[in-house]
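Letter by letter, the chains look like this.
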Amino acid sequence: VDLRGTQWLVPLAHALVAIPFVTQTMTPVLRSIDPALREAARSLGASPRDVFRTVDWPILRRALKVGSGFAFVISLGEFGATSFIARPATPTMPLLIYRALGRPGTASVAAAGSVLLLVVTATILITLERD
């Protein structure tokens, strides 16, 4: 599959960078689900879908929110992989900040981008903590 000219290359790279963080968030929660709960639901006549909806989902929902929030925040600040694969016409915020710092007279643009990135990241993390 040749992804070099597609718009999916940057999101794919960001997903590959964020997957370990989502895995670290979800794995302990998945391991903590008591198999006896699932067995009890099945013995009471619940279908596999109902078991997931009534037993697994309430336990996994919070971890999934936190994992996806972390993935989004990590993706926002990802610079390393993106600097190699992003097209000049579609840069990410860290690349815009980097480019603005490299040009004379555009330090205020870099500062504004940094503050915007900071505010969005802090808002997401605060929202995750409140839930």
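Here is what the cut-offs are and how they apply
For every chain, the first residue of the written sequence is number 1, and numbering continues from 1 onward in sequence order. With pLDDT at 70 or above as the cut-off, local features in this predicted model cover only qualifying residues; side-chain atom pairs require 80 or more to be listed or tallied, and sums for whole chains, interfaces and linings still use all residues. Here the side-chain values reflect all heavy atoms present in the structure, with hydrogen atoms and water set aside. Segments assigned H or I by DSSP are reported as helices when at least four residues long, segments assigned E as strands when at least two residues long, and all are numbered from the N terminus. Relative accessibility under 20% of the residue-type maximum defines a buried residue, over 50% an exposed one, and the middle range a partly exposed one, all with a 1.4 Å probe and only protein chains included. Two residues qualify as a contact provided that any one of their heavy atoms is within 4.5 Å of a heavy atom in the partner residue. What counts as a salt bridge is simple: a side-chain nitrogen of Lys or Arg found within 4 Å of a carboxyl oxygen of Asp or Glu. Between the N-to-C directions of two axes lies an angle of 0 to 180 degrees, each axis being a line fitted to C-alpha atoms and, for a helix, fitted only over the stretch in contact. When an angle is under 35 degrees it counts as roughly parallel; over 145 it counts as roughly antiparallel; between 65 and 115 it counts as roughly perpendicular; any other value is oblique. Helix crossings are classified by the rotation of the near helix relative to the far one: an anticlockwise turn of less than a right angle makes the crossing left-handed, while a clockwise turn makes it right-handed.

> How should the environment of alanine 71 be read in this particular structure?
Note on placement: alanine 71 falls in helix 3 (residues 48-77). For alanine 71, a relative accessible area of 16% translates into the label buried. Between the alpha carbons of alanine 71 and leucine 96 there is a distance of 20 Å; along the sequence they are 25 residues apart. The residues contacting alanine 71, other than those within four sequence positions of it, are Ala18 and Val22.

> Hey, could you run me through the pattern of salt bridges in this one?
Pairs can form between side chains of opposite charge once their charged atoms are near each other. Going through the model one piece at a time under the given rule, you end up with 2 salt bridges. Two residues, aspartate 56 and arginine 38, come together in a salt bridge whose shortest N-O distance is 2.9 Å. Of the two residues, aspartate 56 is situated in helix 3 and arginine 38 in helix 2 (residues 35-43); the sequence distance between them amounts to 18 residues. Aspartate 56 sits in the buried class, given a relative accessible area of 8%. Its relative accessible area of 23% is what places arginine 38 among the partly exposed residues. Residue aspartate 50 is joined to arginine 53 by a salt bridge in which the shortest nitrogen-to-oxygen separation is 3.2 Å.

> How should I be thinking about the packing of helix 1 (residues 9-32) against helix 3 in this particular structure?
The geometry of a pair of packed helices is captured by two quantities: the angle between their axes and the separation between those axes. At a minimum axis distance of 8 Å, the contact between helix 1 and helix 3 shows a crossing angle of 155 degrees. As summarised for this structure, helix 1 and helix 3 are arranged roughly antiparallel, according to the angle between their axes. The way helix 1 lies across helix 3 gives a crossing that is right-handed. Across from His14, Val17, Ala18, Phe21, Val22, Thr25, Met26, Val29 and Leu30 in helix 1, the residues of helix 3 making contact are Ile59, Leu60, Ala63, Leu64, Val66, Gly67, Phe70, Ala71, Ile74 and Ser75.

> I keep staring at helix 5 (residues 93-102) and nothing clicks. Help me out?
Think of an α-helix as turning once every 3.6 residues; residues three or four places apart then point the same way. The complete set of buried residues in helix 5 reads Pro94, Leu95, Ile97 and Ala100. Taken together, the buried residues of helix 5 touch helix 3, helix 4 (80-85) and helix 6 (107-130).

Honestly, that's just the spatial picture; any functional story needs more than this.
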